[in-house]
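# Structural description and commentary
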Amino acid sequence: MDTMVVSPLVKIVGEKLGSALLKEFGQIWGVKKDFEALEDTISTVRSVLDDAEQCCLKNKQVYSWLRELKDVVYDADDLLDKINLKAEKRKMESFGQTTRFIGEFTSDVNPIKRFKLGRKIKSLNKRLDTIAAKKSKFHFQSMVLGSEEELCIKNWNKLSMIDEYSICGRDSELEKIISQLKQIDGNENVTIISIVGLGGVGKTTLAKLAYKNEDIKAYFDHKMWVHVSRVFNIHEILRTMIESLSSSEWKLENLDVLAEKLTEQLKGKRFLLVLDDIWNEDLVEWETLNIVLKFGAPGSKIIATTRSKRVSQIMKSSYIIMLEGLSEEMSWTLFKQKAFNKPDSELNSHILEIAKKIANKCGGMPLALETLGSTMQFNKSVEEWIDARDSDIWKIDGGDGVIASLRLSYMKFPSHELKGCFTYCSLFPKGHVIHKEDLIDQWMAHDLVAFMEVHKGNKYFEQLVQLSFLQNVVEETDGEVTCNMHDLIHDLAKFIVAREFSAKKDTEAVTNEDNGCRYLSLFNYAGKVEPTIIKKVRALYIDGGDSSVVDMISKAKKLRSIVLNRIISDTFPICFSKFIHLRYICISSCDFTSIPNDIGALWSLQALHLKGCREINYLPKSIGKLTRLRTIELELQNLKTLPESIGQCRSIQNFIVLSYQIKSIPNSLGQLEMVRSLNFSGCSTLEGVPSDAFGFGQSNSIRSINFRGCEALEEIPGSIVNLASLARLDLSQCKKLKCLPHAIGNLQNLHLMNLQGSGIQKLPSSMCKLDNLKTLKLDNISLDGMPVGIGKLTKLQELSIFHKGMGNEYARISELEHLNFLSGALEISGLEYLNDPIEASKTNLKQKKNLDHLKLKWGHPYVSFYNRPECWLPVLEALQPPSSIKKWELECYPGSEYPNWMMLSGETSMTTFPYLTDLTLSSLWRCSTLPSLAELPHLKQLKLQWMLLLTNFSGYFPSLVELRLYEIPNLEKLMTIHLGADNVCKPAFPHLSYLEITGCPKLSMQPQLPHSVVTLGLCRSNEELLVGVDLSNGEPSQIHSSCFSLRGFFMAGMKMSTEWVLFKQLVSVQTLQFCECELNCLPDSMRHLSSLCILMIHRCKGLHALPDWLGELKSLQHLDISEPLLTCLPKSIQQLTTLVTLRMNGCLDELKRRCEREKGDDWHLISNVTYVQIN
């Protein structure tokens, strides 16, 4: 039996009927008694709705009664909205003049209008009375109407929340996946790991844990996440992958263009791709996608989550994990964790026994256990627990514990508003990234949250998060919060509003079978919608379509919200003056050329989002008439100016502009006294901000200002210091901004200041008064020093850089002493000015346990300020990092010796850093040896560069995955075997997979390249590195088997020999790149590279021709040559039947002429290649 939920809508209508403005209107128009009768009936019905909504699960008559009731209440809501709109407009126009307000209404009262209104209300009353009378035969229990129970909101993680059940009973599965991600398959560039299991068993959560695991970060160049769901749309998958890599939104492109762009980004790169929730069983579609993915470097991985084992087999998964439900013990652990915050000893034993039975009904499904447990935590009495245990919901859906528990969780929501807020999310497609502020705007548009009551919207959002109905919450650095919804939760939302929700795609028609539809979602739509249906629709979501949607939209006069995404039409589809109810508009990536002037007629409009519409370059002046506009977002790349009238939109709280053309801000902006967030990030041509633009400071309402990426901005008005409530200030990448206002310390409520990449050179001394500052980002700026008194900011949790300045006008490094809450990353630079070890010891770095990344940096060693060399070692000795450190960098240390904590064994040695995984030693000009790196058992990444005196590198590195050696000209020996304490030789780098050597002309590996290496890069180094040395006679050995494992080989600035027999042994290499090499022709031995998929040759000036044997590379899929001196192509290139991409950039005119499409002499040789680019 379907569910019918009416209570949220009835509550909204009841509150409207009780408003003072409506009562005043009723008095003046003579319909007061009609309104009162309607209010009484609504109240009577509302008192039985909780019981009725429970009964409808097993009684079809009750379901029909509720359905009939909801239709009438919708009509009542539409009528009340019209009346409220009229009343509010009159009140606004006669603001402060009571006599005029009454007069305006009275002048409108004529017998005909009064009669028509009275007739409409009486008709509603009659319909509602008839329905209310029927309720007596059902014997519903009445509920006392009072204040809704409030949820006690717990603190929720502000960073990418992962469900708690992710660490409950899944440790072994996670460990297996991580192990597989680290392995390199000898036969495939890309391998697939499938997680198979029922919906709600935790597949996505397990994949997300692996995706975010710290240990695998070093293994991949790119990471992408795509939610696939039932429709396997290759176009959408590729577009999502590109957006994930570029962090920007892509408009509609044809499939070939998308595939080419993605191939270009993935070629030769090791990537991790998660394809979440795959249903596709079509082998052809999978193979089509796989063509693009094959360009990845060896070691690339795909994690697929699916409910079907057949899907995993079609994808040719190398490893399959069958995820079962949790055990009874683990199920109870998770349920108890969510439902109770107290130990068992403090709980009612009877409730505990009932709770265990409820947990068992969830079938071991983590999603069900978590959602139901979260909801039940607010049930205090035994009776409530018994009611949940014995609910009829468990008998529905064939005993499916997951679906039943989710429905029960929903029915147990503590407020009607929360139910409405949740079901509204059915409008979004599965996998949709939900933006918190945007969601609250839409809730307001549908009266689920009262206008301007943002705090209630925040509360409902946090409640849904706490109850696990919204999940994967992420707070970005700019404060933006996003989340999404599990597919089963989304299914529940659609199920609850089944009759009122319809989703169609392509040419599927919306017919009379969808009668009653109020929420309509259309995808890539070119079908037909019946006029009788569209005229009732309140929320419209269209993703993909053409001009055919224009006529349809014009008939949807009852719309409260509309989302148009990727519509191919230059004609704007809305005549605004006809949409009196419209409160929310979001138009994204559409081809519309302008916004109609009649937008000012949308008196009810509360939110306007215009994003990615490249053709729109101005806004009409009439926008100033939108006096109820609360949010305006203008991500319009070509918007050139803002109208002065924008200052008349006095209700604006969120003001967002992103344009590459806008140069100034209107003075009228300062009239927006209610604005809370001002965001001009990315406005790269914005030159200045008028002082009057911050006049809204008088209202003390603004919380956030963002000018990130405003590269032309030279000055911030001093009036900004009057914004007493300002909490976030982002001036990052403002490259021309040289200074901050002197009185910036007046901003006593400032929590975050971001100056990354700006032109700021000196921080004002008043900054030390920012007592509540928690985050100060100073990366990539040229500071002279820190202001004296910076140590007073004891609430600082993130300080990216502390620069020690020269002289007493700057803070001493000892001011770090009391900054005990510092976490994350900290760079201490300017250490060349520090000559006092005692002062260095006062930094107390060793005790700052929350730091996980530390960089210590001196200046260049050849400048004159190095006058006390006896202090270098003691200073570094005093700057010992905390034992919790994970990443450590030492740069330009001028000494020749290392401190004890880097060298000795015992308590003061490198063994005191058990968590260190990433180490960089750079420009240690006077050091001829390395510290005791072999004592770091978990070290995974090591980078050594500009160490001029280093000659030898040896030791045992059991966990090292990546090794980079840059510009070490005297390094002669890299020992790849290690003699252990038991006098047994073993590989020195058993897990090394990536090795890059640059500027090491004397280096040789002894005895040979580690067998585990799959990616090797050589630049301006010894050509004999790959040959190895025979230790018995010191002569070059034959090519050894260690090269067999190489999958990627990159060379730059190397002198090549045409006789390199080396390539005969690279039987597994799949990616090969030459860059600026002395290369007259390709080595003949390359013709044996049977596995080669990608060949790149960049700026090799000596190469004048490609060999005739090129056609023997039967696996070659991608050929990329830049600045070639070729005049023609070899005829054998037409034998490369697998070649997909051919690029030749910067080529000679003769080659370009010969390869001209359909005309050139050589075109027939490459006409079968999918992507050809020659220029």
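Residues numbered from 1 in each chain as written. Predicted model: local features only at pLDDT ≥ 70, side-chain atom pairs only at ≥ 80, totals over all residues. Heavy atoms only, no water.

## A closer look at unusual backbone geometry
Put simply, the rule reads: We count a stretch as a helix when DSSP gives it H or I for four or more residues in a row; a strand needs E for two or more, and each element gets its number in order from the N terminus. Accessible area is worked out with a 1.4 Å probe on protein chains only. A residue is then buried under 20% of its type maximum, exposed over 50%, and partly exposed in between.
Of note, the amide linkage connecting Gln1006 to Pro1007 takes the cis form, showing an omega dihedral of 5°. For Pro1007, the position within the fold is in the loop between β35 (1004-1006) and β36 (1015-1019). In this structure, Asp447 takes a positive phi of about 65° despite not being glycine. Looking at the secondary structure, you find Asp447 in the loop between α20 (436-445) and α21 (454-466). The class for Asp447 is partly exposed, based on a relative accessible area of 24%. At Asn472, a position not held by glycine, the phi torsion is positive, near 55°. By the secondary structure assignment, Asn472 is in strand β7 (residues 471-475). A relative accessible area of 12% means that Asn472 is categorised as buried.

## Details of the pattern of salt bridges
Side-chain pairing between opposite charges can occur once the charged atoms of the two side chains come close. Note the cut-off: Salt bridges are counted wherever a side-chain nitrogen of Lys or Arg sits within 4 Å of a carboxyl oxygen of Asp or Glu.
For the structure shown, the criterion picks out 46 salt bridges. Two residues, Arg583 and Asp81, come together in a salt bridge whose shortest N-O distance is 3.0 Å. Of the two residues, Arg583 sits in the loop between β12 (561-568) and β13 (584-588) while Asp81 sits in helix α5 (residues 60-93), which places them 502 residues apart along the sequence. This pair shows no difference in class: Arg583 is buried, exactly as Asp81 is. Across the salt bridge formed by Lys762 and Glu809, the nearest N and O atoms sit 3.3 Å from each other. Here Glu809 lies in the loop between β23 (801-803) and β24 (824-829) and Lys762 lies in the loop between β20 (752-754) and β21 (775-777), a separation of 47 residues in the sequence. Taking the relative accessible area as the measure of exposure, Lys762 reaches 42% and is therefore partly exposed. Bridged by salt links that share partners, the residues Lys16, Asp77, Asp78, Asp81, Asp447, Arg538, Lys558, Arg560 and Arg583 form one connected network.

## Thoughts on the environment of Glu1076
For the record, the criterion: Only heavy atoms matter for contacts: two residues are in contact if any of them lie within 4.5 Å across the pair. Here a polar contact is recorded for every N or O atom pair within 3.5 Å, except that within protein the pair must consist of a potential hydrogen donor and a potential acceptor, and residues adjacent in sequence are included only if both atoms are side-chain atoms.
If you trace the backbone, Glu1076 turns up in the loop between β38 (1071-1075) and β39 (1094-1098). The spacing of Glu1076 and Ile1097 is 21 residues in sequence and 8.3 Å in space, taken between C-alpha atoms. When neighbours within four sequence positions are excluded, Glu1076 is seen to be in contact with Gly1053, Met1054, His1098, Arg1099 and Cys1100. One polar contact links Glu1076 to Arg1099, side chain to side chain, over a distance of 3.1 Å.

## Digging into the sheet that holds strand β8 (residues 481-484)
Pairing between the strands of a sheet is mediated by backbone hydrogen bonds and can be parallel or antiparallel. Inclusion rule: In this analysis, strands are considered paired if DSSP registers two or more bridges between them.
Spatial ordering of the open sheet is given by β6-β8-β7, a layout of three strands whose pairing is antiparallel. Of all the strands in the sheet, just β6 (434-435) and β7 have a single pairing partner and so form its edges. In terms of strand pairing, β6 meets β8 through two bridges, oriented antiparallel. Looking across to β8, one finds that His435 is bridged to Thr482.

## Considering α20
For α20, the tally of buried residues reaches nine of ten residues, placing the bulk of the element in the interior. Buried within α20 we find Lys436, Asp438, Leu439, Ile440, Asp441, Gln442, Trp443, Met444 and Ala445. Two residues or fewer after α20 comes Asp447, characterised by a positive phi angle close to 65°.

## Regarding the environment of Ser47
Examined against the element boundaries, Ser47 turns out to sit in the loop between α3 (32-46) and α4 (49-55). A residue is classified by how much of its surface remains accessible, and Ser47, at 13% relative accessible area, is buried. Residues Ser47 and Ser7, spaced 40 residues apart in sequence, show a C-alpha to C-alpha distance of 9.5 Å.

## Quick word on the confidence of the model for the protein
Quick reminder of the rule: Residue-level confidence of the predictor is summarised by pLDDT, bounded by 0 at the bottom and 100 at the top.
On average, the protein scores 84 in pLDDT, and the residues at 70 or more come to 90%. Within the model, pLDDT remains below 50 along residues 96-106, and this stretch shows 18 contacts once partners closer than five positions in the same chain are excluded. Note on residues 1028-1040: pLDDT under 50 across the span, and 25 contacts to partners over four residues away in sequence or across chains.

## Considerations on the packing of aromatic side chains
Basically, it comes down to this: Each Phe, Tyr or Trp ring, with Trp reduced to its six-membered ring, pairs with another whose centre is within 6.5 Å; inter-plane angles below 30 degrees give stacked pairs, above 60 give edge-to-face pairs, and intermediate values give tilted ones. Two thresholds decide whether a charge sits over a ring: the Lys NZ or Arg CZ must be within 6 Å of the ring centre and within 35 degrees of the ring normal.
One pass over the full model with this rule turns up 25 aromatic pairs. Ring centres 6.2 Å apart and planes at 85° place the aromatic pair Tyr424 and Phe428 in the edge-to-face group. Assigned by exposure class, Tyr424 and Phe428 land together as buried. When the centroid spacing of 6.1 Å and the interplanar angle of 35° are considered together, the rings of Trp925 and Trp946 count as tilted. You can see Trp925 sitting in the loop between β27 (918-922) and β28 (941-945) and its partner Trp946 sitting in the loop between β28 and β29 (952-953), a full 21 residues away along the chain. Put simply, the rings of Tyr424, Phe428, Tyr519, Phe523 and Tyr541 pair up and form one aromatic cluster. Over the aromatic face of Tyr211 sits the side chain of Lys223, whose NZ or CZ is 4.6 Å from the ring centroid. Sitting above the plane of the Phe451 ring, Arg628 keeps its charged end 4.3 Å from the centroid.

## A word on the nonpolar core
Put simply, the test is: Here, nonpolar core means buried Ala, Val, Leu, Ile, Met, Phe, Trp, Tyr and Cys residues that are tied together by side-chain atoms lying within 4.5 Å of each other.
Grouped together as the largest cluster of nonpolar side chains are 203 residues, with contacts concentrated most on Phe655, Phe680, Phe707 and Phe1074. Counting residues in each nonpolar core, the second largest holds 141 residues, with Ile131, Ile178, Ala339 and Met365 among its members.

## Looking at a positive patch on the surface
For clarity, the cut-off: Candidates for patches are residues over 30% relative accessible area with no salt bridge; among them, like charges are joined within 9 Å and nonpolar side chains (Val, Leu, Ile, Met, Phe, Trp, Tyr) within 5 Å. All accessibility values rest on the Shrake-Rupley procedure with a 1.4 Å probe; residue burial counts only the protein chains present in the view. In this count, Lys and Arg are taken as positive residues and Asp and Glu as negative ones, while His and the chain termini are left out. Working definition for charges: the position is that of NZ of Lys, CZ of Arg, CG of Asp or CD of Glu.
A contiguous patch of positive charge, built from Lys82, Lys116, Arg119 and Lys120, is present on the exposed surface. Top contributing element to the positive patch by residue count: helix α7 (residues 111-134), with three residues. Its relative accessible area of 46% is what places Lys116 among the partly exposed residues.

## Description of helix α9 (residues 203-212)
Side chains of residues three or four places apart in an α-helix project in the same direction, reflecting 3.6 residues per turn. When you tally the buried positions in α9, you get eight out of ten residues, the bulk of the element. Listing the buried residues of α9 in full gives Lys203, Thr205, Leu206, Ala207, Lys208, Leu209, Ala210 and Tyr211. Contact partners of the buried residues in α9: α8 (171-182), β1 (190-196), β2 (222-229), β3 (271-278), β4 (300-306) and β7.

## Topic: the state of the cysteines
Put simply, the rule reads: Defined by distance alone, a disulfide is two cysteine sulfur atoms within 2.5 Å.
Applying the stated criterion to the full structure yields zero disulfides. The structure places no disulfide on Cys683, whose sulfur is separated from the nearest cysteine sulfur, that of Cys710, by 5.2 Å. By relative accessible area, Cys683 is classed as buried at 0%. In this structure Cys1147 is a free cysteine whose sulfur lies 7.4 Å from that of Cys1155, the closest cysteine sulfur available. A relative accessible area of 11% means that Cys1147 is categorised as buried.

## Quick word on the sheet that holds strand β5 (residues 319-322)
Worth spelling out the cut-off: Interaxial angles span 0 to 180 degrees and are taken between N-to-C directions of axes, which are lines fitted to C-alpha atoms, for helices over the stretch in contact.
Here we have five strands laid out as an open sheet, ordered β2-β3-β4-β1-β5, and parallel in their pairing. Each end of this open sheet is capped by a strand with a single partner; those strands are β2 and β5. Strand-to-strand twist of the sheet, defined as the mean angle between neighbouring strand axes without regard to direction, takes the value 15°. In this sheet, β3 lies alongside β2 in parallel orientation, the contact comprising seven bridges. Paired with Val226 across the strands is Leu275, a residue of β3. Here α8 sits on the sheet and contacts β1, β3, β4 and β5; the angle it forms with β5, its principal contact strand, is near 170°.

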